[in-house]
Amino acid sequence: MKHSEHGAYEQRIRRRIWLQRGMIAVNLVYMFAVAFLGGGDSRIMTRLADMFSDLVIFGGIVYMAVCIHRNKKLLANRLLLKEQRELEWDERRRFLHDKSGGLVVDVLLAAQLYITCTAALFNMPAFYTAFAVLCLTAALKLGVYTYYSKTC
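Here goes a summary of the coordinates provided. As the structure is a prediction and not an experimental result, all values here were calculated from the model.

### Here's the deal with the overall build of the chain
Counting secondary structure elements, the chain contains six helices and zero strands. The order of helices and strands in the chain, counted from the N terminus, is α-α-α-α-α-α. Expected size for 152 residues packed as a compact globule is a radius of gyration near 15 Å; at 19 Å, the chain overshoots this value by more than 25%. Counting only C-alpha atoms and orienting by the principal axes, one finds that the chain spans roughly 60 × 40 × 20 Å.

### A short note on the nonpolar core
Counting residues in hydrophobic clusters, the biggest one holds 16 residues, and the most contacted among them are Tyr30, Ala49, Phe52, Cys117, Leu121 and Phe127. Elements with a minimum of two residues in this core: α1 (3–37), α2 (47–76), α5 (102–122) and α6 (124–151). Here this core gets six residues from one element, more than from any other, and that element is α5. Setting aside residues up to four positions removed in sequence, Phe52 forms contacts with Leu113, Thr116, Cys117, Phe127, Phe131 and Leu134. Membership of the second largest hydrophobic core comes to eight residues, among which are Tyr9, Ile24, Met64 and Leu81.

The rules we used
- Residues numbered from 1 in each chain as written.
- Predicted model: local features only at pLDDT ≥ 70, side-chain atom pairs only at ≥ 80, totals over all residues.
- Heavy atoms only, no water.
- Helix = DSSP H or I, 4+ residues; strand = E, 2+ residues; numbered from the N terminus.
- Rg over C-alpha atoms; globule rule 2.2 N^0.38 Å.
- Core = buried A, V, L, I, M, F, W, Y, C linked by side-chain atoms within 4.5 Å.
- Buried < 20%, exposed > 50% of the residue type's maximum accessible area, 1.4 Å probe, protein only.
- Contact = heavy atoms within 4.5 Å.

So this is what it looks like as structure tokens:
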């Protein structure tokens, strides 16, 4: 691997760490905004909505913290960094990701997570509608990814 490729990939990892820290901050602001607006009333939320909102909010924070730790570990170890770079640039994996919707569907799924979470905290009929759309989108992405992984 050339030094310039290595440096560019290091910058990409540093950018990811910065974005993941930003997502933790956005998650915390989201929590305060929901509390300020009076969302999350346990008297109107179903058990599924309560568990889903907890999983999205707190699970998201934990997931981002784990990602930050893993990326910092990559920056500290050149061999791990090289292996991760090769894994990410694997043509077959990139093809499968692109065929199953790519970045657009990934961003859509993340947005749907927060839309569904917000609906869970304020309105149960909207939550069940958003939850159904989220499940459908995830199932379609997984199905297309599985189909292409077996045929290609």
